[in-house]
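Geometric and topological summary
As a plain string of letters, each chain reads:
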Amino acid sequence: MVDNPEPHLCYELSDPEEPAIGGFNQTVFPATLYVDGNCRYGGRTVRPNEGFTADAAVSVQFSPAGA
């Protein structure tokens, strides 16, 4: 869980050996999920107040809309 995220920073969600496979974006920012721990590979976006299921999500980056 990421509380009060700073926009454009990369946050690790889990251990790469046990990636997140679901969750809920409770922030005001769109969240982009990545399959690596450095926010480089992946790119599935989850809008604010939406849940998600994923094959594997290891990191996330939040960005203000339009940025």
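In the block above lies the structure referred to throughout.
As the structure is a computational prediction, the values presented were derived from the model and not from experiment. (Residues numbered from 1 in each chain as written. Predicted model: local features only at pLDDT ≥ 70, side-chain atom pairs only at ≥ 80, totals over all residues. Heavy atoms only, no water.)

Here we come to the overall build of the chain. For the chain, the helix and strand inventory stands at 0 helices and 6 strands. Secondary structure elements of the chain occur, N-terminal to C-terminal, as β-β-β-β-β-β. Dimensions along the principal axes, computed over C-alpha positions, put the chain at roughly 30 × 20 × 20 Å. A buried classification covers 33% of the 67 residues belonging to the chain. By sequence separation, contacts in the chain at least 24 residues apart represent 60% of the contacts at least 6 residues apart. A total of about 4400 Å² of accessible surface is found on the chain, and carbon and sulfur atoms cover 48% of it. (Helix = DSSP H or I, 4+ residues; strand = E, 2+ residues; numbered from the N terminus. Buried < 20%, exposed > 50% of the residue type's maximum accessible area, 1.4 Å probe, protein only. Contact = heavy atoms within 4.5 Å. Areas by Shrake-Rupley, 256 points an atom, 1.4 Å probe, with all protein chains shown as cover.)

Attention now goes to the pattern of salt bridges. Scanning the model with the defined rule gives 1 salt bridge in all. For the salt bridge of E50 with R47, the shortest nitrogen-to-oxygen distance reads 2.6 Å. Looking at E50, the relative accessible area reads 27%, which means it is partly exposed. (Salt bridge = Lys/Arg side-chain N within 4 Å of Asp/Glu carboxyl O.)

Here we take up the nonpolar core. Counting 10 residues, the largest nonpolar core is built from V2, A20, F29, A31, L33, V46, F52, A57, V60 and F62. If you list the elements that add at least two residues to this core, you get β3 (31–34), β5 (50–57) and β6 (59–62). (Core = buried A, V, L, I, M, F, W, Y, C linked by side-chain atoms within 4.5 Å.)

As a further point, take the state of the cysteines. Any covalent bond linking the sulfur atoms of two cysteines counts as a disulfide. Enumeration over the complete set of coordinates arrives at 1 disulfide. One disulfide in the model links C10 with C39; its S-S distance is 2.1 Å. Between C10 and C39, the S-S dihedral sits near 90 degrees, and the bridge is therefore right-handed. Pair noted here: C10 is in strand β1 (residues 10–12) and C39 is in the loop between β3 and β4 (42–46), with a separation of 29 residues, a long-range link. (Disulfide = S-S within 2.5 Å.)

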